[in-house]
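An overview of the molecular structure
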Amino acid sequence: SQQGEEDPQALSIQEGENATMNCSYKTSINNLQWYRQNSGRGLVHLILIRSNEREKHSGRLRVTLDTSKKSSSLLITASRAADTASYFCATDPYGNKLVFGAGTILRVKS
Amino acid sequence: DVKVTQSSRYLVKRTGEKVFLECVQDMDHENMFWYRQDPGLGLRLIYFSYDVKMKEKGDIPEGYSVSREKKERFSLILESASTNQTSMYLCASSFSYNSPGGAYEQYFGPGTRLTVT
């Protein structure tokens, strides 16, 4: 069962531009997490935002969470070619287990 | 650094073979997970283990079984491989649920790309 859905499915930008990805979910959560996956590899955890937080920063990443709209966004500022990857949001409606969305494919052109 | 390793990066098996995928983590995590990833479908949970010898079915357990005899090791077994089990298999581990903070972040292995012919 997919709880999170990312939007857009794919995004292509120039190096130096900002990239914004959105995630919507259906049920109440304790936290929402974002992960990155480089082609053919495992996922890497980027950032976690708790349900009582509205915004969180980590380096060039900015995550927002709106629990009233059940949505989150991930902003990558000043993107680099190395940011080319798939990005997934994940929520925890069932305790220990995470439910992942289908992901956004980001391509940063140099 | 947390390390999650998987026994193979690529595996090719024949229909009907029994297949073992092994996963080992070195962070003393209570939880371990097996996912499969297919294009356009994201990650789907096959099985979850929250302690030694304890397991819980995920969203798509049919055709799979698991074994967790030691805390650091979680095995996924395909009893009789079929072509529709051709996929990328990802193992992950995490600390146990911490209310009210919610689920901890998961650490993933590099994945095993399994092809069943």
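Structure first, text after, so check above.
Owing to the predicted nature of the structure, the values given are computational and were not obtained by experimental measurement.

Observations regarding the overall build of chain A
- If you tally the helices and strands in chain A, you get 0 helices and 11 strands.
- Counting from the amino terminus, helix and strand elements in chain A follow one another as β-β-β-β-β-β-β-β-β-β-β.
- Here the C-alpha radius of gyration of chain A, 13 Å, is about what a compact globule of 110 residues would show, namely 13 Å.
- Projected onto its principal axes, the C-alpha coordinates of chain A cover approximately 40 × 30 × 20 Å.
- Here the analysis covers contacts within chain A between residues at least 6 apart in sequence; of these, 54% occur between residues at least 24 apart.
- On chain A, the mean spot of the 14 positive side-chain charges and the mean spot of the 10 negative ones are 4 Å from each other.

Notes on the environment of His29 of chain B
Residue and element names in this part refer to chain B.
- Positionally, His29 belongs in the loop between strand 3 (19-25) and strand 4 (31-38).
- C-alpha separation for the pair His29 and Phe95, spaced 66 residues apart in sequence, amounts to 4.8 Å.
- Of note is the side chain of His29, whose polar atom sits 3.3 Å from the backbone nitrogen of Ser94.

Brief notes about the pairing of strand 4 (residues 31-37) of chain A
All names here are of chain A.
- Strand 4 sits mainly inside the fold: 6 of its 7 residues count as buried.
- Across 7 bridges, the pairing between strand 4 and strand 5 (residues 43-50) is antiparallel. Within the sheet, the bridge partner assigned to Gln37 lies in strand 5 and is Leu43.
- Where strand 4 hands over to strand 5, the hairpin turn is made up of 5 residues, of which Gly40 adopts a positive phi near 75°.
- Bridging between strand 4 and strand 9 (residues 85-94) involves 6 bridges; their strand directions are antiparallel. What sits directly across from Gln37, in strand 9, is Ser86.

What counts as what
- Residues numbered from 1 in each chain as written.
- Chains lettered and ligands numbered in written order.
- Predicted model: local features only at pLDDT ≥ 70, side-chain atom pairs only at ≥ 80, totals over all residues.
- Heavy atoms only, no water.
- Helix = DSSP H or I, 4+ residues; strand = E, 2+ residues; numbered from the N terminus.
- Rg over C-alpha atoms; globule rule 2.2 N^0.38 Å.
- Contact = heavy atoms within 4.5 Å.
- Lys, Arg positive; Asp, Glu negative; His and termini not counted.
- Charge placed at Lys NZ, Arg CZ, Asp CG, Glu CD.
- Polar contact = N/O pair within 3.5 Å; in protein donor to acceptor, adjacent residues only side chain to side chain.
- Buried < 20%, exposed > 50% of the residue type's maximum accessible area, 1.4 Å probe, protein only.
- Pairing = 2+ DSSP bridges.

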